[in-house]
Amino acid sequence: MNRARESEVVRAFVALAGEKESERLMTSLATSCVSLLPITAAGVLVAVDGRLTVMAATPGLANAQEVLLGNREEGPCVEAFRTRAPVTSVDLAEAADRWPSVSRMAVSSGLRAVHALPLQLQQEAIGSLGLFGEAETSMSAPDLALARALAHVATIAIVNARVVSGQTTVTAQLQRALDSRVVIEQAKGMIAGEGAVDMEEAFGALRGYARDRGEQLAVVAASVVGRSTSATSILRHTTTRS
């Protein structure tokens, strides 16, 4: 990763982690994805009163409602939310049987490939992120790792913003997770994005760094989020240990 892109990635994570207003946060997530990833458009769906709602979309999604949700709540973004697993189609033209209205509208808008990711904290899904491209190609593993990291950090921030503003009620399990792990999750996302690794590898690197220095995991995570300890140094320490 060159220095200019590294700076852009760091700025995106800092912006997502620091945003307190939910709608601006979701817009920032979508625009950051288009800026940092080889895609044309991005959109964010969030569950509101049990129904998925389009909360943000970049200009490339001129028909965001139809492309993200279809006529009857269908499509890769809906499936990613319901299954809590990524959904990919590298040729939406061939997905007409699976997602009729989404396939038709996406292709008519010049979009051919999609990667849909759940916005999820532990087992609790709050929505999904749709990443669309004009070419019939799949994103590389490093780009997908970065997309997952951005989605994860944004999820933490969205839930935290909701709790702070009193806009929603979360389960006791989710509340406890936020109280103890929000900073750790944000640090994991920053490390994952920096090193193009998955969240499990990022957590292993963070935990190993803290253990070897005799420091609390949350303290080290806070130093990563606050940028007093760089994600690069965490990753470099892991490489040195191995």
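Residues numbered from 1 in each chain as written. Predicted model: local features only at pLDDT ≥ 70, side-chain atom pairs only at ≥ 80, totals over all residues. Heavy atoms only, no water.

Asks: Mind showing me how you'd approach the nonpolar core here?
Replies: Generally speaking, a soluble globular protein has its nonpolar side chains buried in company with each other. Counting residues in each nonpolar core, the largest one holds 53 residues, and the members touching the most others are Leu29, Cys33, Val44, Leu129, Leu131 and Leu150. In terms of residue count, helix 6 (residues 141–165) provides more of this core than any other element does, eleven residues in total. Other than its neighbours up to four places away in sequence, leucine 131 contacts Cys33, Leu37, Ile39, Ala41, Ala42, Ala113, Val114, His115, Leu117, Met139 and Ala147. If you look at the next biggest cluster of nonpolar residues, it comprises 23 residues, including Ala41, Leu68, Leu111 and Phe132. (Core = buried A, V, L, I, M, F, W, Y, C linked by side-chain atoms within 4.5 Å. Buried < 20%, exposed > 50% of the residue type's maximum accessible area, 1.4 Å probe, protein only. Helix = DSSP H or I, 4+ residues; strand = E, 2+ residues; numbered from the N terminus. Contact = heavy atoms within 4.5 Å.)

Asks: I'm lost on the side chain of serine 101 in this one. Help?
Replies: Looking at the secondary structure, you find serine 101 in helix 5 (residues 100–108). Taking the relative accessible area as the measure of exposure, serine 101 reaches 8% and is therefore buried. Non-local contacts of serine 101, meaning those with residues more than four positions away in its chain, are made with Gly70, Asn71 and Glu74.

Asks: Could you clarify how one ought to interpret the environment of valine 14 in this entry?
Replies: Here valine 14 shows up in helix 1 (residues 3–18). For valine 14 and methionine 190, which are 176 residues apart along the polypeptide, the C-alpha to C-alpha distance reads 8.5 Å.

Asks: How should the pattern of salt bridges be read in this particular structure?
Replies: One pass over the structure, following the stated rule, counts six salt bridges. Between arginine 82 and glutamate 73 there is a salt bridge; the shortest N-O distance is 3.3 Å. Between glutamate 136 and arginine 112 there is a salt bridge whose closest N-O contact spans 3.0 Å. Taken as a pair, glutamate 136 in the loop between strand 5 (124–133) and helix 6 and arginine 112 in the loop between helix 5 and strand 4 (113–121) lie far apart in primary sequence, 24 residues in all. Classification of glutamate 136 as partly exposed rests on a relative accessible area of 44%. Overall, arginine 112 belongs to the partly exposed group, its relative accessible area being 23%. Connected through salt bridges with shared partners, the residues Arg51, Glu73 and Arg82 form a single ionic network. (Salt bridge = Lys/Arg side-chain N within 4 Å of Asp/Glu carboxyl O.)

Asks: Any chance you could explain the sheet that holds strand 1 (residues 41–48) here in plain terms?
Replies: Across a sheet, strands are paired by hydrogen bonds formed along the backbone, either parallel or antiparallel in direction. Across the sheet, which stays open at both edges, the five strands sit in the order 2-1-5-4-3 with antiparallel pairing between neighbours. Either end of the sheet is taken by a strand with one partner, and the two such strands are strand 2 (51–57) and strand 3 (87–89). Taking each pair of neighbouring strands and ignoring which way they run, the sheet shows an average axis angle of 20°. As defined by bridge partners, strand 4 adjoins strand 5 across nine bridges and the pair is classed as antiparallel. If you follow alanine 113 over to strand 5, its bridge partner there is glycine 133. Most of the contacts of helix 2 (residues 22–36) go to strand 1, to which it runs at about 150°, and overall it touches strand 1, strand 2, strand 4 and strand 5. Against the sheet, helix 4 (residues 76–83) touches strand 1, strand 2, strand 3, strand 4 and strand 5, its axis set at about 150° to strand 5. (Pairing = 2+ DSSP bridges. Axes fitted to C-alpha atoms, helices over the stretch in contact; angles between N-to-C directions.)

Asks: What is the right way to read the confidence of the model for the protein chain from this model?
Replies: Low pLDDT means the predicted atomic positions in that stretch should not be read closely. In the predicted model, the protein chain carries a mean pLDDT of 84, and the fraction of residues at 70 or more is 90%. Below pLDDT 50 for its whole length, residues 167–180 participates in 19 contacts with residues either more than four positions away or in separate chains. (pLDDT = per-residue confidence, 0-100.)

Asks: Can you help me understand the packing of helix 8 (residues 199–213) against helix 9 (residues 217–225) in this one?
Replies: Angle between the axes and distance between the axes: these two values describe a pair of packed helices. The interhelical angle for the contact between helix 8 and helix 9, taken along N-to-C directions, is 115°, at an axis separation of 9 Å. Judged on the interaxial angle alone, helix 9 and helix 8 are roughly perpendicular. In this structure, the crossing between helix 8 and helix 9 has a hand that is right-handed. Judged by residue contacts, Phe203, Leu206, Arg207, Tyr209 and Ala210 of helix 8 engage Leu217, Val220, Ala221 and Val224 from helix 9. (Parallel < 35°, antiparallel > 145°, perpendicular 65-115°, else oblique. Left-handed = near helix turned anticlockwise from the far one by under 90°.)

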